[in-house]
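Structural overview for review
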Amino acid sequence: MDLTATYGFDTLQVHAGAQPDPTTGARQTPVFQNTAYVFKDADHAAALFNLQEVGYIYSRLTNPTVAVLQERVSTLEAGIGGIACSSGHAAQIMALFPLMSPGDDIVVSTRLYGGTVTQFSNTIRRFGWRATFVDFEDLASVRNAVGDRTKAIFTESVCNPGGYVTDIPVISEIADSAGIPLIVDNTSATPYLCRPIEQGATLIVHSTTKYLSGNGTCMGGLIVDSGRFDWSASDKFPSLSQPEPAYHGLKFHETFGELAYVLHGHAVGLRDLGACQAPMNAFITLLGIETLSLRMQKHVANAVTIAEWLEKDPRIEAVTYAGLASSPYAERARRLYPKGAGALFTFAVKGGYDTCIRLVDSLRIFSHVANLGDTRSLVIHSASTTHRQLTPEQQEAAGAAPNVVRLSIGIEDADDLIADLDQALTRAVAKT
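Residues numbered from 1 in each chain as written. Predicted model: local features only at pLDDT ≥ 70, side-chain atom pairs only at ≥ 80, totals over all residues. Heavy atoms only, no water.

**Details of the domain arrangement of the chain**
Put simply, the rule reads: In this entry, domain limits derive from an automatic or database-based domain assignment. What makes two residues a contact is simply this: any of their non-hydrogen atoms within 4.5 Å. Accessible-area loss on putting two parts together, using a 1.4 Å probe and summing over both, is the definition of buried area adopted here. Here a salt bridge means any side-chain nitrogen of Lys or Arg lying within 4 Å of a carboxyl oxygen belonging to Asp or Glu. For this analysis, a polar contact is any N or O atom pair within 3.5 Å, provided that within protein one partner can donate a hydrogen and the other can accept it, and provided that sequence-adjacent residues contribute only side-chain to side-chain pairs. Labels follow the DSSP assignment, with helices taken as runs of H or I lasting at least four residues and strands as runs of E lasting at least two, numbered in each case from the N terminus.
Each assigned domain of the chain is listed with its residue range as follows: domain 1 (11-289) and domain 2 (292-430). One C-alpha centre belongs to domain 1, the other to domain 2; they are set 29 Å apart. Across the contact, 42 residues belong to domain 1 and 41 residues belong to domain 2. With both chains or domains summed, domain 1 and domain 2 bury close to 3,300 Å², and 57% of this area falls on carbon and sulfur atoms. Applying the counting rule to domain 1 against domain 2 returns 3 salt bridges. For Asp167, the salt bridge goes to Arg332, with nearest N and O atoms at 3.9 Å. Inspection of the region where domain 1 meets domain 2 yields 15 residue pairs in polar contact (both at pLDDT 80 or more). Looking at the side of domain 1 that touches domain 2, the elements that each hand over two or more residues are helix H5 (114-121), helix H7 (168-178), helix H8 (190-193) and helix H12 (279-289).

**Some words on the packing of helix H3 (residues 64-76) against H12**
Stated precisely, the cut-off is as follows: Angles here are taken between N-to-C directions and fall from 0 to 180 degrees, while the axes themselves are lines fitted to C-alpha atoms, restricted in helices to the stretch in contact. Crossing chirality is assigned from the near helix's rotation relative to the far helix, an anticlockwise turn below a right angle marking it left-handed and a clockwise turn marking it right-handed. Residues are grouped as follows: Ala, Val, Leu, Ile, Met, Phe, Trp, Tyr, Cys and Pro are nonpolar; Asp, Glu, Lys and Arg are charged; all remaining types, including Gly, are polar.
Where H3 meets H12, the axes come as close as 8 Å, and the angle between the chain directions of the two elements is 35°. Judged by the sense of rotation from one axis to the other, the crossing of H3 with H12 is left-handed. For the pair H3 and H12, contact is made by Thr65, Val66, Val68, Leu69, Arg72, Val73 and Leu76 and by Pro279, Ala282, Phe283, Thr285, Leu286 and Ile289, respectively. The residue makeup of the contact of H3 with H12, split by class, is 10 nonpolar, 2 polar and 1 charged.

**What about the nonpolar core?**
Here is the rule: As used in this record, nonpolar core signifies buried Ala, Val, Leu, Ile, Met, Phe, Trp, Tyr and Cys residues forming a set joined through side-chain atoms within 4.5 Å. We call a residue buried when its accessible area falls under 20% of the maximum for its residue type, exposed when it is over 50%, and partly exposed in between, using a 1.4 Å probe and counting protein chains only.
In this structure, Ile153, Leu310, Phe345 and Leu407 are the most contacted members of the largest nonpolar core, which totals 119 residues. It is helix H13 (residues 292-312) that provides the largest number of residues to this core, a total of 7 residues.

**Description of helix H17 (residues 414-430)**
Rules: Between the first and last residue of a helix there are one fewer steps than residues, each counted as 1.5 Å, and that sum is the expected span.
Helix length check: H17 (17 residues) gives 24 Å between terminal C-alpha atoms against 24 Å at 1.5 Å per residue, within 8%. Of the positions making up H17, those classed as buried are Ala414, Leu417, Ile418, Asp420, Leu421, Gln423, Ala424, Leu425 and Ala428. Lining the buried residues of H17 we find H13, strand E10 (316-319), strand E11 (344-349), helix H15 (352-362) and strand E14 (404-408). With a side-chain oxygen lying 2.8 Å from the backbone nitrogen of Asp415, the N-terminal cap of H17 falls on Asp413.

**Remarks on the pairing of strand E7 (residues 221-225)**
Short version of the rule: Any two strands are treated as partners once DSSP identifies two or more bridges connecting them.
A large share of E7 lies buried, amounting to 5 of its 5 residues. Here E7 shows two buried faces, one formed by Gly221, Ile223 and Asp225 and the other by Leu222 and Val224. Examined bridge by bridge, strand E1 (residues 81-85) and E7 share 5 bridges and lie antiparallel to one another. Of the residues in E7, the one forming a bridge with Ala84 is Leu222. Bridge count for strand E6 (residues 203-207) against E7 is 5 bridges, and the pairing is antiparallel.

**Quick notes on the pattern of salt bridges**
Side chains carrying opposite charge are able to pair once their charged atoms draw close together. Under the criterion given, the structure shown has 13 salt bridges. The partner of Asp105 in a salt bridge is Arg130, and the shortest N-O contact between them spans 3.9 Å. Taken together, the residues span a long stretch of sequence, with Asp105 in strand E2 (residues 105-109) and Arg130 in strand E3 (residues 130-134) at a distance of 25 residues. A relative accessible area of 6% places Asp105 in the buried class. Take Arg130: its relative accessible area is 43%, and that puts it in the partly exposed class. In this structure, Glu198 and Arg195 form a salt bridge, with 2.6 Å as the shortest nitrogen-oxygen distance. Given the relative accessible area of 25%, Arg195 is considered partly exposed. When salt bridges that share partners are traced, they join Glu137, Asp167, Glu331, Arg332 and Arg335 into one network.

**Section: the packing of aromatic side chains**
Counted only if it meets this: Two rings from Phe, Tyr or Trp (for Trp, the six-membered ring) form a pair when their centres are within 6.5 Å of each other. A pair whose planes differ by under 30 degrees is stacked, one over 60 is edge-to-face, and the rest are tilted.
This model, assessed by the stated rule, comprises 13 aromatic pairs. Between the aromatic rings of Phe120 and Phe154, the centroid separation amounts to 5.0 Å while the plane-to-plane angle is 90°, which identifies the pairing as edge-to-face. Within this pair, whereas Phe120 is found in helix H5, its partner Phe154 is found in strand E4 (residues 150-156), the two being separated by 34 residues in sequence. Take Phe120 and Phe154: they sit in the same class, and that class is buried. With a centroid separation of 6.1 Å and an interplanar angle of 85°, the aromatic rings of Tyr247 and Phe252 are classed as edge-to-face. Taken as a pair, Tyr247 and Phe252 share a single burial class, namely buried.

What follows is the structure, encoded as structure tokens:
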């Protein structure tokens, strides 16, 4: 099926990357649950291993089911190609892998998921990489943080946990002026609400575990490349612009042009880091993506209703949702996220840490899990869980203070969700 720009999002989320199986006629994408693929002959095998021909070798590198997922998400994101990984965290490391060398750094937002803060604060140091955390509302500080060894700027579109919305076009201008890529984690917004490449981003990362699959059943991550960055414009990115020893001195950008980053991700990143996505997980995620727009509409509608109710409740100190008219980011959300500001936000509870714990324990419909983007509504107290490893200052900066609860609003009946929050708040506050 030839999918062009004339097709709408709802059509693309069902059809992009897929066609009836040529052997069996199966309409749904089959699960190619196998490890290796038979070569036509010795010359065919050599051409594949020399990157002279594109095809299937081994499922750590390429897999037909995973390939459909990569094409579908990259199409929805207006990108040129994708690299599917085993998890969102794997996608983040894989995204940085072609860009970084020991001694290099990235400039990142302070408003990130706690696990990402930990990964960038501690884990990447073992590679000799560093991260400089900056408040992305302070544009002067973002510019000043970029140095000679800075290889990327990283942020989230709709930030986890607080629902802060990043002004991607403004940040992209800073990245462009520095000659470095902007990497945007679009997990919380999804391409239905935001397409960062159209706002100036170079690379997109996803935890496909969340809204893309939408059902809390499979792990996965994905990187999408815009195909617009000139990797040879400077000597900053030798992995892409200079000879690659493992391929007899081949220069990825010179040889493959706009596909250089994606092919490097498969031929070097997945080959050597091995963080590939399982075919069954790709299949389940493809099923979820088929209803992405329908689910996101319900997620957002519920989130607005519940956030407005919470904002009026005297037991609540504040609600962070950018979809509220009172939010300091309401105008930005309307401008950059016209279909909605997502369904992830936090609220501060009067009574502090202990009241939050009692609230979480008293909920009946909301599930207390370390996840988001499920059809089910989810709740977590970030300071005692996902952001527990951070310092108090980091927790505050990330929007995960001790008196804050994070909600991921599902697609249930909004009145039932409000009733559940009401009864849990009553129980939690009664014991203060």
